[in-house]
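Listed below, chain by chain, are the residues.
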Amino acid sequence: MFNALLLDKEDERTVASVQPIDESRLADGDVTVRIEFSTLNYKDALAITGKAPVVRKFPMVPGIDFAGVVEHSAHADYKPGDLVVLNGWGAGETHWGGLAQKARVAGDHLIALPPKITTRQAMAVGTAGYTAMLCVQALAQHGVAPGDGDVLVTGANGGVGSFAVTILAKRGYRVIASTGRPEEAARLSQLGAADIVERTTLSAPGKPLQKERFAAAVDCVGSHTLANVCASLRYGGAVAACGLAQGMDFPATVAPFILRGVALLGVDSVYVPRPRRIAAWNAIADEIPVETIESVASTIALGETPDFAARLLRGEVKGRVIVDVNA
Ligand code: NDP
């Protein structure tokens, strides 16, 4: 038996409770993992509260990421005792995810934890830090280099945004952080932001082409903000678009693309192929200081996740939330 947060539907409502589960109920998969830590992401909060149709079938164990120890393996790459991490691949959406003491998954969906980081630190980074790294790598691969000019990060105080600021600054980029929480400016400066802009300067409908302000951007926000970011990129600039905190719409024109050669680089963390995941996690281990990883996270117990999910959606949670599934 193991404990898991289980979601079920009752009269169209999503009901969440911690329950003991028999191991025989785990789905097929060639690797069984004893989970040490998971996290509470925005998507998990939507799933747990039922605020959006993240979960595709019930009953479901939510949790889009986890880190733990291999218990059984029929996969050539893993043996019992190996430390592994999983992000996405439909965990917590189409099959049981990380908010549990155990998971059985396809070994191809796991990656070995880089030796420099612990399972707890991996979940302090979580899908947010990993997505931020994918965004920065997309910009670098496009040819954006430190010294090219200012790089904007929108939604900078969020999980992805905070890690994007940290990684870009560590790599020597001059980072401009856009936030609706200017009272957190000192924290953003500490992470490496050179300047702060107020979120409202980007969130309202704007002109198709605006002053060329940024060499590149990481956008966590979408909607008018992403349209304004595209319109404010310098000739040949690029934006890595990963989020929709303002909205899923993209009310833009083609002007920045056809008149300034701007590139819109879509970033998906859920189904990104394995070699890019490995490259992202190795870069995280090499580049993000352990103190930074530890400082952005607080830890809660499995039973606290429903309450924290509701608080997260109300914007009351700061930093990353690690879930100790064994507490
Ligand atoms: P968080 O909730 O931690 O952060 C989102 C941030 O966006 C907030 O902190 C806030 O930043 C800003 N924001 C919130 N509401 C608005 C609004 N109405 N208008 C403008 N800005 C707003 O989420 P994450 O950082 O974990 O995720 C960021 C986005 O990326 C989400 O949309 C998430 O779904 C998406 N995502 C996508 C992934 C992918 O694979 N593509 C993977 C992970 C996340 P501030 O307070 O600084 O203004």
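All residue numbers refer to positions counted from 1 along the written sequence of the respective chain. Selection of residues for local features in this predicted model requires a pLDDT of at least 70, selection of side-chain atom pairs for listing and counting requires 80 or more, and totals for whole chains, interfaces and linings are taken over all residues. In computing side-chain values, all of the structure's heavy atoms are included and hydrogens and water are not.

Our focus in this paragraph is the site of the ligand. As a matter of local geometry, the ligand sits amid 23 residues, with Val160, Thr179, Gly180, Arg181 and Ser269 nearest to it. Counting of polar contacts relies on pairs of N or O atoms within 3.5 Å, with two restrictions inside protein: one atom must be capable of donating a hydrogen and the other of accepting it, and residues adjacent in sequence are counted only when both atoms are side-chain atoms. Residue Gly158 places a main-chain N or O atom 3.3 Å away from an oxygen atom belonging to the ligand. At a separation of 2.6 Å, an oxygen atom of the ligand approaches a polar side-chain atom of Thr179. Expressed as a share of its isolated accessible area of 920 Å², the protein-covered part of the ligand is 78%. The way it works is that DSSP assigns letters per residue, a run of H or I at least four long becomes a helix, a run of E at least two long becomes a strand, and they are numbered from the N terminus. Those elements giving two or more residues to the shell around the ligand turn out to be helix H3 (159-170) and strand S9 (175-179). Polarity classes work like this: nonpolar for Ala, Val, Leu, Ile, Met, Phe, Trp, Tyr, Cys and Pro, charged for Asp, Glu, Lys and Arg, and polar for all others, with Gly in that last group. Looking at the shell around the ligand residue by residue, the classes come out as nine nonpolar, eleven polar and three charged. The near set for a molecule or strand comprises every residue that places at least one heavy atom within 4 Å of it. A 1.4 Å probe and the Shrake-Rupley method give the accessible areas. Residues count as covered only by the protein chains that appear here.

Time to look at the packing of helix H2 (residues 119-142) against helix H8 (residues 274-287). To get an axis, a line is fitted to the C-alpha atoms, and for a helix only the part in contact is used. The angle between two axes follows their N-to-C directions and goes from 0 to 180 degrees. Here H2 crosses H8 at 110°, and the two axes come no closer than 9 Å. Accordingly, the angle class assigned to the pair H2 and H8 is roughly perpendicular. As for how H2 packs across H8, the hand of that crossing is right-handed. Every residue of H8 that contacts H2 at Ala122, Val125, Gly126, Gly129, Tyr130, Met133, Leu134 and Gln137 is listed here: Arg276, Arg277, Ala279, Ala280, Trp281, Ala283, Ile284 and Glu287. Of the residues contributing to the contact of H2 with H8, the split by class is ten nonpolar, three polar and three charged. What sets the label is the angle itself: under 35 degrees gives roughly parallel, over 145 gives roughly antiparallel, 65 to 115 gives roughly perpendicular, and the rest give oblique. Note: crossing handedness is left-handed where the near helix turns anticlockwise from the far helix by less than a right angle, and right-handed where it turns clockwise. Contact between two residues is taken to exist if any of their heavy atoms lie within 4.5 Å; hydrogens are not considered.

You can read the domains of the chain as domain 1 (2-113 + 296-324) and domain 2 (126-266). The C-alpha-based centres of domain 1 and domain 2 are spaced at 30 Å. At the junction of the two partners, domain 1 supplies eight residues and domain 2 supplies eight residues. The term buried area refers to how much accessible surface (probe radius 1.4 Å) is lost by two components on association, counted for both of them together. Interface of domain 1 and domain 2: buried area, both sides summed, is about 680 Å²; carbon and sulfur atoms make up 56% of it. For salt bridges, the criterion is a side-chain nitrogen of Lys or Arg within 4 Å of an Asp or Glu carboxyl oxygen. Our count for the contact surface shared by domain 1 and domain 2 stands at zero salt bridges. Our enumeration of links across domain 1 and domain 2 arrives at two residue pairs in polar contact (both at pLDDT 80 or more). Each residue belonging to the side of domain 1 that touches domain 2 can be placed in one class, and the counts come to two nonpolar, three polar and three charged. An automatic or database domain assignment provides the domain bounds reported here.

What follows concerns helix H6 (residues 223-232). At 3.6 residues per turn, the α-helix brings residues three or four places apart onto the same side. The cut-offs for exposure are 20% and 50% of the maximum accessible area for each residue type, with area from a 1.4 Å probe on protein chains only; residues under the lower value are buried, those over the upper are exposed, and the others partly exposed. With nine of ten residues buried, H6 is to be regarded as a mostly interior element. Among the residues making up H6, those that are buried are Ser223, Thr225, Leu226, Ala227, Asn228, Val229, Cys230, Ala231 and Ser232. Packing partners of the buried residues in H6 comprise strand S8 (151-154), helix H5 (200-203), strand S11 (214-219), strand S12 (233-241), helix H7 (255-260) and strand S13 (263-266).

The pairing criterion is simple: DSSP has to find at least two bridges between the two strands. Strand order in the open sheet formed by six strands is S10-S9-S8-S11-S12-S13, with parallel pairing between adjacent strands. Two strands in the sheet have a free side with no partner beyond their single neighbour: strand S10 (193-198) and S13. Strand after strand, the sheet turns through a mean of 20° between neighbouring axes, direction not considered. Bridge count for S11 against S12 is five bridges, and the pairing is parallel. In the strand pairing of S12, Phe214 is matched with Leu233. Contacting S8, S11, S12 and S13, H2 crosses the sheet at an angle of about 150° to S12. Across the face of the sheet, H3 comes into contact with S8, S9, S10 and S11 while running at roughly 160° to S8.

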